[in-house]
Amino acid sequence: MTRFDAETAPVDEDAGTGSPGPRRALLEAREVPLGGVRAMSVYRFLPQRDLPLVGAWCFLDRFGPQRTRMRVEPHPHIGLQTVTWPLAGEVHHRDTLGSDVVIERGALNIMTSGAGIAHSEYSVGDEPIPLDALQLWVALPEERRHGAPDFERHVDLPEHDLGGGARATVVVGELAGSVSPATMHTPIVGAELRLPAGAVVDLPLETAWEYAVVPVFGSVRVNGAEDAVAPGALLYLGDGRDSVRLTTGDEEATVFLLGGEPFGDEIVMWWNFVGRSHDEIELAREEWEAASDRFGHVVGHGDERIPAPPLPHVRLTPRRRRL
């Protein structure tokens, strides 16, 4: 569901000294089963029918908070980067590059599919454990999406002082002059903002970029709005802003900031693939089902894998924004 607030075009009094911004849109996450296992659910914030991308961000799931046993067998990706940001629990990641790591709080794990990669994700241990994380995808630009796959892990991420006890961890990209070491391929930011109770934070933004805020824990008021935004919703801010004011009440809050230069290409997104045409997606599906060398073999696994679902009976078309 999309809901627009009172911040409407053509004049946005809260947009700072930059050009007037568009009206804000509040989009609620929907609950969906995860992969082919269907043993746990996730909350999907992106893509939305009205908003397929924020900058190059094309996908955002939150799996948790819940107590579960996660078993996501090998599955493929093309045309994207996966950005995994843990909040609680540990997940075992293995991929066709030979990466074999445990994903845990405070560590960034970013996998670049290029033309093709496959990976698996298991919670650590055989019993259900507390799990909570953000799983995000970034669409790759034309010059990188056909290249070789890659995997990076970063445990030393820059911290930015927002004033008044508020701090930001710059997960990817750049925020207020602090730059993450993660390799990205478009102008972008993904940052975790930790705000104490009673905080008033004026966050500097790039006026040419578009942004969204996603509360993770606690609620936050944005640009003095009467209603606070709570976990379970994404607030799209559009572009044309040079700052945004975040305010907390009697409780602290954690917010994830998404932003970036508007993505130049229209994307065709289906299952785990980000491409530019139906034919490209269809070929990737056929090669995964045929166990093509394009995706390789995930270390530590035998023949188990998630089969591709059938394609729809209509041609896939680009996702177009309505905001």
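Our structure is the block above this text.
> Any chance you could explain the pairing of strand β9 (residues 100-103) here in plain terms?
Regular strands have side chains that alternate between both faces of the sheet. Side-chain alternation along β9 places V101 and I103 on a buried face and D100 and V102 on a face that remains uncovered. Once strand β8 (residues 91-95) ends, the chain turns through four residues before running back antiparallel as β9, passing G98 with a positive phi of about 95°.

> Can you walk me through the environment of G106 in this structure?
Within the fold, G106 resides in the loop between β9 and β10 (108-112). Judged by its relative accessible area of 35%, G106 is partly exposed. As a C-alpha pair, G106 and P310 span 204 residues in sequence and 37 Å in three-dimensional space.

> Is there a simple way to explain the sheet that holds strand β5 (residues 57-68) in this structure?
Hydrogen bonds between backbone groups are what pair the strands of a sheet, and the pairing can be parallel or antiparallel. Within the open sheet, the seven strands sit side by side as β3-β4-β5-β12-β7-β10-β13. Their pairing is antiparallel. The open sheet has two free edges, formed respectively by β3 (30-33) and β13 (150-154), since each of these has just one partner strand. The sheet shows a mean angle of 25° between the axes of neighbouring strands, taken without regard to direction. Of the strand pairs in this sheet, strand β7 (residues 80-88) and β10 are connected by four bridges, and their pairing is antiparallel. Residue Q81 lies in a different strand from β10, and its bridge partner there is T112.

> Please explain the pattern of salt bridges as it appears in this structure.
One side chain can pair with another of opposite charge once the charged atoms of both are near each other. As enumerated under the stated definition, the model contains 17 salt bridges in all. In this structure, E192 engages R105 in a salt bridge whose closest nitrogen and oxygen atoms are separated by 2.9 Å. Of this pair, E192 sits in strand β17 (residues 188-195) while R105 sits in the loop between β9 and β10; the two residues are 87 residues apart in sequence, bridging distant segments of the chain. On the basis of relative accessibility, which here comes to 41%, the residue R105 falls in the partly exposed class. One salt bridge connects D265 with R276, and the closest N-O pair in it is separated by 3.3 Å. Here D265 is found in the loop between β23 (253-260) and β24 (268-270), whereas its partner R276 is found in the loop between β25 (273-275) and α2 (278-289), with eleven residues between them in sequence. Residues joined by salt bridges that share partners form a network here, namely R105, E159, R167, E192 and R194.

> Help me out: how do you make sense of α2 in this one?
Each full turn of the α-helix corresponds to 3.6 residues, which orients residues three or four apart in the same direction. Relative to the 16 Å expected for twelve residues at 1.5 Å per residue, α2 spans 17 Å between its end C-alpha atoms, a close match to the ideal helical length. Within the sequence span of α2, burial applies to H278, E280, I281, A284, R285 and W288. Projected down its long axis, α2 shows its buried positions confined to an angular sector of 165°, all on one face. Lining the buried residues of α2 we find β6 (71-77), β11 (117-123), α1 (142-145), β24 and β25.

> Which parts of the structure should I look at to understand the packing of aromatic side chains?
The description of an aromatic ring pair rests on the distance of the ring centres and on the angle between the ring planes. One pass over the full model with this rule turns up seven aromatic pairs. For the pair F59 and W137, a centre-to-centre distance of 4.0 Å together with 15° between the ring planes defines the contact as stacked. With F59 in strand β5 and W137 in strand β12 (residues 129-139), the pair connects residues that are 78 residues apart, well separated along the chain. There is no split in this pair, since F59 and W137 are both buried. Judged by centre distance (6.2 Å) and plane angle (45°), the ring pair of W270 and F273 falls under tilted. Neither W270 nor F273 differs from the other in exposure class; each is buried. Taken together through their ring pairs, the aromatic side chains of W270, W271, F273, W288 and F295 make up a single cluster. Taking NZ or CZ as reference, R62 lies 5.0 Å from the ring centre of F217, over its face.

Basis of the calculations
Residues numbered from 1 in each chain as written. Predicted model: local features only at pLDDT ≥ 70, side-chain atom pairs only at ≥ 80, totals over all residues. Heavy atoms only, no water. Buried < 20%, exposed > 50% of the residue type's maximum accessible area, 1.4 Å probe, protein only. Helix = DSSP H or I, 4+ residues; strand = E, 2+ residues; numbered from the N terminus. Pairing = 2+ DSSP bridges. Axes fitted to C-alpha atoms, helices over the stretch in contact; angles between N-to-C directions. Salt bridge = Lys/Arg side-chain N within 4 Å of Asp/Glu carboxyl O. Expected span 1.5 Å × (residues − 1). Arc of directions from axis to C-beta. Contact = heavy atoms within 4.5 Å. Phe/Tyr/Trp six-rings, centres within 6.5 Å; stacked < 30°, edge-to-face > 60°. Lys NZ or Arg CZ within 6 Å of the ring centre and 35° of its normal.

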